[in-house]
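Analysis of the macromolecular model
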Amino acid sequence: MTGISRREFLKQSAATSAAAAFLPIAAREMQTNPLGMPIGSQTWPHRQRIKDGDFAGLCRDMAAIGIGSIELCSPGYAEFTSLSDGKQTRKIIEDHGLVCPSAHVTLEELRNGQQQVLAWAHDVGMTQIGTATLNGKSENGVAAMDLVKRLADEYNRISETTAKAGLQQFLHDEIFEMAKADGRLVYEVLLELLDPKLVKMQFQMSAMRTIGDPVTYFAKYPGRFLSMHLQGVDLNAPAPVPGGPRPPQVAVGHDSLDWPKIFAAAKAGGVKNYFLEQNWELTVQGAAYLKTLNA
């Protein structure tokens, strides 16, 4: 290094990094917009920072690694109660050049306080809300078909109210959706029972060992999928034992998945956004990999 001291170099580097985090969103998307969609991150893995009151710091750090879009969880989750002021939350998000199109909300909120959660989503500037699971009872991976039907009917009614408010309802896939009813995967049954206009689906990559290949789903059910949660999945590793410890996660792009193929299928299937959902170290690695993909 010549003509500049180490201290001055570090000072300038820090200033450049800080400025990058606050670039106008359109400018940043030109840099970090693989596959025509901004890199997204779900905030659930980073919920402790939000609970500790550092949501602004989290937004700053996400913008600095190239994240352009975040997915929240609603104030119905204990760790997210500090975000109950939707307008203030939106200001923090936009101050850091981010957008927030989506959130997970609890089924309890939808059953007993849907109008309040819809108002909160509007204040934040969202267009989509969804639940992690319909949370039905299953024993040893088996659920009753009549329960699946009742929950699907209820969710269709909930989603109709959401649609009237101008937002799109979606459904994730957790334990209940991975169970079986009358020998069929509950997830597949729900795809038949849920109104395709009222309820879109959010595909979770870490569930694919049970749910199945996302590329197949996107081709079989065009237009039914709204978004994806990205986790690195090593299909060459032994499958996790039900009830046993989960295998260590790997970063997106450091796994055995064909991500260009997945994204191509997802775009054709109607996916509008995607969110990394891993710890901070893996989020940094995943964002770096996604920047290498072409639109």
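Residues numbered from 1 in each chain as written. Predicted model: local features only at pLDDT ≥ 70, side-chain atom pairs only at ≥ 80, totals over all residues. Heavy atoms only, no water.

1. Topic: the overall build of the chain
The condition is simple: Under the scheme used here, helices are H or I runs from DSSP no shorter than 4 residues and strands are E runs no shorter than 2 residues, and both carry numbers assigned from the N terminus. Note on classification: 1.4 Å probe, protein chains only; a residue is buried when its accessible area is under 20% of the maximum for its type, exposed when over 50%, partly exposed between these limits. Any two residues having at least one pair of non-hydrogen atoms within 4.5 Å are treated as being in contact. Accessible surface area values rest on a Shrake-Rupley calculation with a 1.4 Å probe, where residue burial reflects the displayed protein chains alone.
Secondary structure assignment for the chain yields 13 helices and 10 strands. By the burial criterion, 50% of the 295 residues in the chain qualify as buried. Counting only contacts in the chain whose residues sit at least 6 apart along the sequence, the fraction spanning at least 24 positions is 78%. Looking at the chain as shown, the accessible area adds up to about 14100 Å², and 53% of this sits on carbon and sulfur atoms.

2. Thoughts on helix 12 (residues 259-268)
In plain terms, the rule: Arc definition: it is the arc formed by the directions from the helix axis to the C-beta atoms.
Of all the residues in helix 12, the buried ones are Trp-259, Ile-262, Phe-263, Ala-265 and Ala-266. Down the axis of helix 12, the buried set is contained in an arc of 165°. They therefore lie on one face. Residues of helix 12 that are buried sit in contact with helix 11 (214-220), strand 9 (225-230), strand 10 (273-276) and helix 13 (280-290). Positive backbone phi, at 100°, marks Gly-270, one or two positions downstream of helix 12.

3. Examining the side chain of Ser-102
With respect to the secondary-structure elements, Ser-102 resides in strand 3 (residues 99-104). Those residues in contact with Ser-102 that lie beyond four places of it in its chain are Ile-70, Glu-71, Leu-72, Met-126, Gln-128, Phe-170 and Phe-275.

4. Considering the nonpolar core
What counts here: Within this scheme, the nonpolar core is defined by two criteria: the residues are buried Ala, Val, Leu, Ile, Met, Phe, Trp, Tyr or Cys, and they are joined through side-chain atoms within 4.5 Å.
Core analysis: the largest hydrophobic core is formed by 83 residues, its most contacted members being Ile-70, Leu-72, Met-228, Leu-230, Trp-259 and Leu-290. In terms of residue count, helix 8 (residues 145-164) provides more of this core than any other element does, 7 residues in total. Filtering out sequence-adjacent residues up to four positions away, Leu-230 remains in contact with Met-205, Val-252, Trp-259, Phe-263, Tyr-274, Phe-275, Leu-276, Glu-277, Gln-278 and Leu-290.

5. Some details on the packing of aromatic side chains
Going by this rule: Under the pairing criterion, centres of Phe, Tyr and Trp rings, with the six-membered ring standing for Trp, must be within 6.5 Å; the plane angle then separates stacked pairs below 30 degrees from edge-to-face pairs above 60, leaving the rest tilted. Think of it as a cone above the ring: NZ of Lys or CZ of Arg counts as a charge over the ring if it is within 6 Å of the ring centre and within 35 degrees of the ring normal.
The tally for this structure, following the rule as stated, stands at 12 aromatic pairs. Between the aromatic rings of Phe-203 and Tyr-217, the centroid separation amounts to 5.8 Å while the plane-to-plane angle is 50°, which identifies the pairing as tilted. With Phe-203 in strand 8 (residues 199-204) and Tyr-217 in helix 11, the pair connects residues that are 14 residues apart, well separated along the chain. Three or more aromatic residues link up through ring pairs in this structure, and these residues are Tyr-187, Phe-203, Tyr-217, Phe-218, Tyr-221 and Phe-225. We note Arg-47 situated over the ring of Trp-44; from NZ or CZ to the ring centre the distance is 4.0 Å.

6. Describing the pairing of strand 3
Just so we agree on the cut-off: Any two strands with at least two DSSP bridges between them are considered paired. Call a crossover right-handed when, viewed with both strands pointing away from you, the route from the first strand across the helix to the second goes clockwise.
Most of strand 3 sits inside the fold, with 5 of its 6 residues counted as buried. In this structure, strand 2 (residues 69-73) lies alongside strand 3, joined through 4 bridges in parallel fashion. In the sheet register, Ser-69 faces strand 3, and the bridge partner there is Val-99. The handedness of the strand 2 to strand 3 crossover, carried by helix 5 (residues 86-95), is right-handed. For strand 3 and strand 4 (residues 128-131), the ladder comprises 3 bridges, and the chain directions are parallel. Bridge pairing in strand 4 links His-104 to Gly-130.

7. Examining the packing of helix 8 against helix 9 (residues 186-193)
Here is the rule we go by: What counts as an axis is a line fitted to C-alpha atoms, over the stretch in contact for a helix, and the angles between N-to-C directions run from 0 to 180 degrees. Relative orientations are named as follows: roughly parallel for angles under 35 degrees, roughly antiparallel for angles over 145 degrees, roughly perpendicular for angles from 65 to 115 degrees, and oblique for any other angle. Should the near helix be turned anticlockwise from the far one by less than a right angle, the crossing is left-handed, and should it be turned clockwise, the crossing is right-handed. Note that Gly is not counted as nonpolar here; it falls among the polar residues with everything else outside the nonpolar set of Ala, Val, Leu, Ile, Met, Phe, Trp, Tyr, Cys and Pro and the charged set of Asp, Glu, Lys and Arg.
For the pair helix 8 and helix 9, interaxial distance at closest approach is 10 Å and the crossing angle is 45°. As summarised for this structure, helix 8 and helix 9 are arranged oblique, according to the angle between their axes. Crossing of helix 8 over helix 9 shows right-handed handedness. In this structure, helix 8 uses Met-145, Val-148, Lys-149, Ala-152 and Asn-156 to contact helix 9, whose residues at the interface are Val-186, Val-189, Leu-190 and Leu-193. Looking at side-chain class alone, the contact of helix 8 with helix 9 contains 7 nonpolar, 1 polar and 1 charged residues.

8. Considering the environment of His-46
As for its placement among the helices and strands, His-46 is situated in the loop between strand 1 (40-42) and helix 3 (47-51). Taking the C-alpha atoms as reference points, His-46 and Asn-279, 233 residues apart in sequence, are found 6.9 Å from one another. Setting aside residues up to four positions removed in sequence, His-46 forms contacts with Ser-41, Leu-58, Met-62, Gln-278, Asn-279, Trp-280 and Thr-283.

9. Focus: the confidence of the model for the chain
Here is the rule: A residue's pLDDT is the predictor's confidence in that residue, given on a scale from 0 to 100.
Per-residue confidence for the chain averages 88 on the pLDDT scale, and 85% of its residues sit at or above 70. Below a pLDDT of 50 lies the segment residues 1-32, which in the model reaches 30 contacts outside its immediate sequence neighbourhood of four places, other chains included.

10. Some points on helix 9
Within helix 9, 6 of the 8 residues are buried, which leaves the element mostly enclosed by the surrounding structure. Three or more residues of helix 9 are buried, namely Val-186, Tyr-187, Glu-188, Val-189, Leu-190 and Leu-191.

11. Some remarks on the pairing of strand 8
In terms of burial, strand 8 is a largely internal element, 6 of the 6 residues being buried. Pairing of strand 5 (residues 168-171) with strand 8, which is carried by 3 bridges, proceeds in the parallel orientation. Among the inter-strand pairings, Phe-170 is bridged to a residue of strand 8, identified as Lys-200. When strand 8 meets strand 9, the two strands line up parallel, connected through 4 bridges. Pairing of Gln-202 across the sheet is with Ser-227, part of strand 9.

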